[in-house]
Amino acid sequence: MPELPDVATPCVVVDRDVLDRNVAEMAVRTRGGAMALRPHAKTHKCWEIARRQLDAGAAGLTVATVSEAEIFAQAGCTDLFIAYPLWVDDRRGARLRALAERCLLRVGVDSAEGAQALARNAGAAFEVLVEVDSGHHRTGVPAKAAGGVALAAASAGLTVRGVFTFPGHSYAPGLPAVAVLDETQALQDAASAVRDVGVPVDVLSGGSSPTAALTTAGPVTELRPGVYVFNDAQQLELGACGVDDVALTVVATVVSQAPDRLVLDAGSKVLGADRPPWTTGFGRLPDYPAARISALSEHHATVSWVEEVERPEVGATVRVMPNHVCTAVNLADELVVVAGGAVVDRWPVLARGANT
């Protein structure tokens, strides 16, 4: 447990040494190969971390919204991909045009109508990638339909660079390897469909944190993991990381206890409320491996206590791994940075709430 003088709980704490190791290991995985690394900044929303990723060799950043892109462009990033099928009206179009004057910009599309609205309201001073569904069944067209979307985009005057997908169905036990195969097939089929209508394909973009270690260069030319910088309880349960790879925890205080439980001062407004059905709780306590957060209220985390060890008393502090680190970061104003067990910095979460 780091020393946190003058820091009130609950607080979001980042171990800089673990973070830097995670950044370096992912950079090595792609350096010198046929895959570019374009990490998803929606996980950390923090320029200090983005700068570390870029300095380690990332080709650029992935973001989810126009406002995230604006914030990172203002901070100094010159290459951004908005991996989202935006619906662009006049106001958003003006923002995209302004962004394209400051950085190399790519935008996702997954319909002819979306591509036409993008061209009509934002012009063509950027590149587009066609999103395909590789099994997550969220956004994206079937792979063989990518050609029609690409042709509509090209006919509207947009520069189509390739295709992208998110293998989000990798977020379940036993499925990361399946998701890699699905992603590979979908990107290959989509690229063929786009080339068949006479549109060149240079970029085949995919990847996620659970699949990053399994993805090899070939059809995938660009990898977009996000959570890997911090890791979280979900990644631990999926086997994508170990406890020592978790760089971000929430430090919370024990405010109440009973024989079978503890209650912490970090509820859903700090940890987020995500709990996929396959997870064993709303979060974990890395220093007490058998403990699980069994219930969340807005300002309470109830910990089911089954440890055969001495448990922390009321007033003690404990570390919590959130289930989904992205939502926890978006609830914080700043990250308290520690190294060698001491606070060394505080990093603002610049893109917190940047949802438009």
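Residues numbered from 1 in each chain as written. Predicted model: local features only at pLDDT ≥ 70, side-chain atom pairs only at ≥ 80, totals over all residues. Heavy atoms only, no water.

Novice: Describe the packing of helix α1 (residues 16-30) against helix α2 (residues 47-55), listing the residues and the values that go with them.
Specialist: Helices that pack against each other are described as a pair by the angle of their axes relative to one another and the distance between those axes. At a closest axis distance of 10 Å, the pairing of α1 and α2 adopts a crossing angle of 40 degrees. Between α1 and α2, the angle falls in the class oblique. Our pair here, α1 against α2, has a crossing hand that is right-handed. Two secondary-structure elements touch here, α1 through R16, L19, D20 and V23 and α2 through I49, R52 and Q53. Across the contact of α1 with α2, the residue classes tally to 3 nonpolar, 1 polar and 3 charged. (Axes fitted to C-alpha atoms, helices over the stretch in contact; angles between N-to-C directions. Helix = DSSP H or I, 4+ residues; strand = E, 2+ residues; numbered from the N terminus. Parallel < 35°, antiparallel > 145°, perpendicular 65-115°, else oblique. Left-handed = near helix turned anticlockwise from the far one by under 90°. Contact = heavy atoms within 4.5 Å. Nonpolar A, V, L, I, M, F, W, Y, C, P; charged D, E, K, R; others polar.)

Novice: Account for the packing of helix α6 (residues 146-155) against helix α7 (residues 176-196), with residues named and values stated.
Specialist: Running from N to C, α6 and α7 cross one another at 45 degrees; their axes reach a closest spacing of 7 Å. The pairing of α6 with α7 is recorded here as oblique in orientation. α6 and α7 meet at a crossing whose hand is right-handed. Contact residues: A146, G147 and A150 in α6; A190, A193 and V194 in α7.

Novice: Explain the nonpolar core to me, using residue names and the numbers behind them.
Specialist: Among the nonpolar cores identified, the biggest contains 95 residues, and F72, L80, L96, L105, L118, F230 and L335 are the most heavily contacted of them. When sequence neighbours within four positions are dropped, the list of residues in contact with L335 reads V12, V14, C46, I49, F230, L248, D345, R346, W347 and V349. Ranked by size, the runner-up nonpolar core spans 7 residues in total, among them V7, V13, V336 and V338. (Core = buried A, V, L, I, M, F, W, Y, C linked by side-chain atoms within 4.5 Å. Buried < 20%, exposed > 50% of the residue type's maximum accessible area, 1.4 Å probe, protein only.)

Novice: Quick one: what's the story with the sheet that holds strand β4 (residues 79-85), residue by residue and with numbers?
Specialist: Read across the sheet, 8 strands follow the order β2-β9-β8-β7-β6-β5-β4-β3 without closing on themselves; strand pairing throughout is parallel. Here the strands that pair on one side only, and so sit at the sheet edges, are β2 (36-37) and β3 (61-63). Sheet analysis places β2 next to strand β9 (residues 222-223), joined by 2 bridges and oriented parallel. Directly across from L37, in β9, lies its bridge partner L223. Packed onto the sheet, helix α3 (residues 66-75) meets β3 and β4 and runs at close to 175 degrees relative to β4. (Pairing = 2+ DSSP bridges.)

Novice: Now, about the packing of aromatic side chains: what can you tell me, with residues and values included?
Specialist: Under the defined criterion, the tally for this structure stands at 2 aromatic pairs. The interplanar angle of 90 degrees and the centroid separation of 5.0 Å between the aromatic rings of F81 and F164 together place this pair among those described as edge-to-face. Of this pair, F81 sits in strand β4 while F164 sits in strand β7 (residues 159-164), and the two are 83 residues apart along the sequence. Take F81: its relative accessible area is 0%, and that puts it in the buried class. Accessibility expressed as a relative area gives 1% for F164, which makes it buried. Geometry around F282 places R275 over its ring, the cationic atom sitting 5.3 Å from the centre. (Phe/Tyr/Trp six-rings, centres within 6.5 Å; stacked < 30°, edge-to-face > 60°. Lys NZ or Arg CZ within 6 Å of the ring centre and 35° of its normal.)

Novice: Give me the lowdown on unusual backbone geometry, citing residues and values where you can.
Specialist: T9 connects to P10 through a cis peptide bond whose omega is 0 degrees. With respect to the helices and strands, the residue P10 is situated in the segment before β1 (11-15). For H137, which is not a glycine, the phi torsion comes out positive at approximately 60 degrees. Judged by its relative accessible area of 65%, H137 falls in the exposed class. Although it is not a glycine, N231 adopts a positive phi angle of roughly 65 degrees. With respect to the helices, strands and loops of the structure, N231 is situated in the loop between β9 and α8 (233-238).

Novice: Explain the pattern of salt bridges to me, and be specific about the residues and the numbers.
Specialist: Within the structure shown, the criterion is met by 17 salt bridges. Residues E127 and R106 are paired through a salt bridge, measuring 2.8 Å at the closest nitrogen-oxygen approach. Taken as a pair, E127 in strand β6 (residues 127-131) and R106 in strand β5 (residues 104-109) lie far apart in primary sequence, 21 residues in all. Among the residues examined, R106 registers a relative accessible area of 7% and is labelled buried. Salt-bridge contacts for R161 lead to D202; the nearest nitrogen and oxygen are separated by 3.2 Å. Residue R161 is found in strand β7, and its partner D202 is found in the loop between α7 and β8 (203-206); the two are separated by 41 residues along the sequence. (Salt bridge = Lys/Arg side-chain N within 4 Å of Asp/Glu carboxyl O.)

Novice: Report on the environment of P210, specifying residues and quantitative values.
Specialist: Considering the arrangement of structural elements, one finds P210 in the loop between β8 and β9. Take P210: its relative accessible area is 8%, and that puts it in the buried class. Residues P210 and A191 lie 19 residues apart in sequence; the distance between their C-alpha atoms is 24 Å. Not counting residues within four places of it along the chain, the set of residues in contact with P210 comprises S170, Y171, P176, Q235, L238 and A240.

Novice: Summarise helix α4 (residues 90-100); cite the residues concerned and give the values.
Specialist: Along α4, the residues that are buried comprise G93, L96, L99 and A100. Take α4 and look down its axis: the buried residues cluster within an arc of 120 degrees, on one side only. More than 90 degrees from the buried face of α4, the exposed residues found are D90 and R91. Of the surrounding elements, those touching the buried residues of α4 are α3, β4, β5 and α5 (112-122). (Arc of directions from axis to C-beta.)

Novice: Could you give an account of the side chain of T62, naming the residues involved and the relevant values?
Specialist: Checked against the element boundaries, T62 lands in strand β3. Among the polar contacts listed, one links the side chain of T62 to the backbone oxygen of R38, at a separation of 2.9 Å. (Polar contact = N/O pair within 3.5 Å; in protein donor to acceptor, adjacent residues only side chain to side chain.)

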